[in-house]
Amino acid sequence: MSENPGNGFHQHDHRHPGEPSHRHPHHHRAEPSLPAHQHTHTTSFEALTYIVSPLHALDARAKLVAALLLVLGVVATPPLAAVEFGLLTTLLLAAATIARMPLGRVLARSAAVLPIAGTIALLTPLQHAGGSWNAGGLAAAWTGGAGVVAWGIISKAWLSALTMVLLAATTKSADLLAALRRLRVPDVFVMLLSFIARYVTVLGGQLRSLRIAVASRAPHLRGRALLGSLGSIAGNLFVRSYERGERVHQAMLARGYTGTLPSAAARRIGAAEALLVVTALLTALAIALY
């Protein structure tokens, strides 16, 4: 159990039926009229960061460096052979199992990159063959070993996405931002990333409310008319985001904001973190030298 005596919030392991053990801040109250154990359970992807596992307990800096090494080893090398792809996929899935991740949810989140990577892989051969943008030019471009290039794009994109999904699922966003700051990333970039991480869900909620408003006021809006309204929706979302940003900034200044967000206490790099980084480095070198 870890505690924060300054505000009374602490965390310890607990579990619910059918779920793995997890740990997140909560507050015990002594007043008999109030619940004894108060905490909230998020239903978003961030809920996975509260699971208790050996991978979750590692320092965020080591996990961030290890993930970057793996991604660099994948993207900076020629297209992966089937053996390399299988071994690296097995390694990442083993890490997800150790972290007690729901594999289906992790794979589904990483597969979100496949439509974009597939489109790029489909059109990339045209660049090398100099063909025209039609069915005949595309067919001609695909008759010279273009499948290897397409495989390289899709496999590298998916493996990189799976690595980053595992990093995000085993590390709280606040710990990742603190790790970036301790790795000497400029404060302005860390601050921008922190605002993006904090308010992307808020902007998503604003967009959903606008969509509900359009559906309730114009339920029969379809086709070109609906596409024409997207400009108004985007402009309204921009205005609302700007106004909310102004209010948030004024509230932060009123609470003593000086340009740097506070971060949690730094952990110490131990043997487990060093082993993780060395394993990632050796894996990246093996991919590059195989």
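Numbering of residues begins from 1 in every chain and follows the order in which that chain's sequence is written. Whole-chain, interface and lining totals are the exception, using all residues; otherwise, since this is a predicted model, local features are given only for residues with pLDDT of at least 70 and side-chain atom pairs are given and counted only at 80 or more. Hydrogens are left out, water is left out, and the side-chain values use all remaining heavy atoms of the structure.

Participant: Can you walk me through the overall build of the protein chain in this structure?
Facilitator: Helix and strand assignments come from DSSP, with helices taken as H or I runs of at least 4 residues and strands as E runs of at least 2, each series counted from the N terminus. Looking only at helices and strands, the protein chain features 10 helices and 4 strands. For the protein chain, buried positions account for 29% of its 290 residues. Contacts are assigned to residue pairs with any non-hydrogen atoms lying within 4.5 Å of each other. Considering only contacts within the protein chain whose residues lie at least 6 apart along the sequence, 68% involve residues at least 24 apart. Looking at the protein chain as shown, the accessible area adds up to about 17,800 Å², and 67% of this sits on carbon and sulfur atoms. Whether a residue is buried, partly exposed or exposed follows from its accessible area with a 1.4 Å probe, protein chains only, as a fraction of its type maximum: under 20%, in between, or over 50%, in that order. Using the Shrake-Rupley algorithm and a 1.4 Å probe, accessible areas are obtained, with residue cover drawn only from the displayed protein chains.

Participant: Even after reading the chapter, I still don't get the environment of Leu107, so can you show me in this structure?
Facilitator: Tracing the chain through its elements places Leu107 in helix H3 (residues 103-110). For the pair Leu107 and Leu166, spaced 59 residues apart in sequence, the C-alpha to C-alpha distance is 9.8 Å.

Participant: Please clarify how a nonpolar patch on the surface should be interpreted in this entry.
Facilitator: Patch membership requires over 30% relative accessible area and the absence of a salt bridge. Like charges are linked within 9 Å, and nonpolar side chains (Val, Leu, Ile, Met, Phe, Trp, Tyr) within 5 Å. Salt bridges, as used here, are contacts in which a Lys or Arg side-chain nitrogen is within 4 Å of a carboxyl oxygen on Asp or Glu. Judged by side-chain polarity, Val278, Leu281, Leu282, Leu285 and Leu289 come together as a nonpolar surface patch covering roughly 490 Å² of accessible area. With respect to the helices, strands and loops of the structure, Leu289 is situated in helix H10 (residues 271-289).

Participant: Just checking my understanding: could you explain the layout of surface pockets for this structure?
Facilitator: Empty space among the atoms becomes visible once a probe the size of a water molecule is rolled across them. Both site types are read off a 1 Å grid over the protein atoms alone. A 1.4 Å probe that fits but cannot get out defines a cavity, while an open set with protein on both sides within 12 Å along at least five of seven lines defines a pocket; lining residues have an atom within 4 Å of a point. Grid points are joined across faces, edges and corners, and a volume is the space filled by probe spheres set on the points. There is about 480 Å³ of room inside the second largest pocket. Around the second largest pocket, the lining comprises 22 residues; the ones closest to its centre are Leu55, Ala66, Leu70, Ala95 and Leu276. Within the residue set of the lining of the second largest pocket, elements represented by two or more residues are helix H1 (60-75), helix H2 (82-98), helix H6 (146-170) and H10. Broken down by element, the lining of the second largest pocket gets its largest block of residues, 6 residues, from H10. The class makeup of the residues in the lining of the second largest pocket is 17 nonpolar, 4 polar and 1 charged. For this classification, the nonpolar set comprises Ala, Val, Leu, Ile, Met, Phe, Trp, Tyr, Cys and Pro, the charged set comprises Asp, Glu, Lys and Arg, and every other residue, Gly included, is treated as polar.

Participant: What should I look at first to understand the confidence of the model for the protein chain in this one?
Facilitator: Predicted coordinates in regions of low pLDDT should not be interpreted in detail. Per-residue confidence for the protein chain gives a mean pLDDT of 77, with 74% of residues at or over 70. Confidence of the prediction at every residue is given by pLDDT, a number between 0 and 100. Predicted confidence is poor over residues 1-10, with pLDDT under 50, and the contacts of this stretch with residues over four places away or in other chains come to 18 contacts. Contacts from residues 27-40, a stretch scored under 50 in pLDDT, to residues over four places away or in other chains number 22 contacts.

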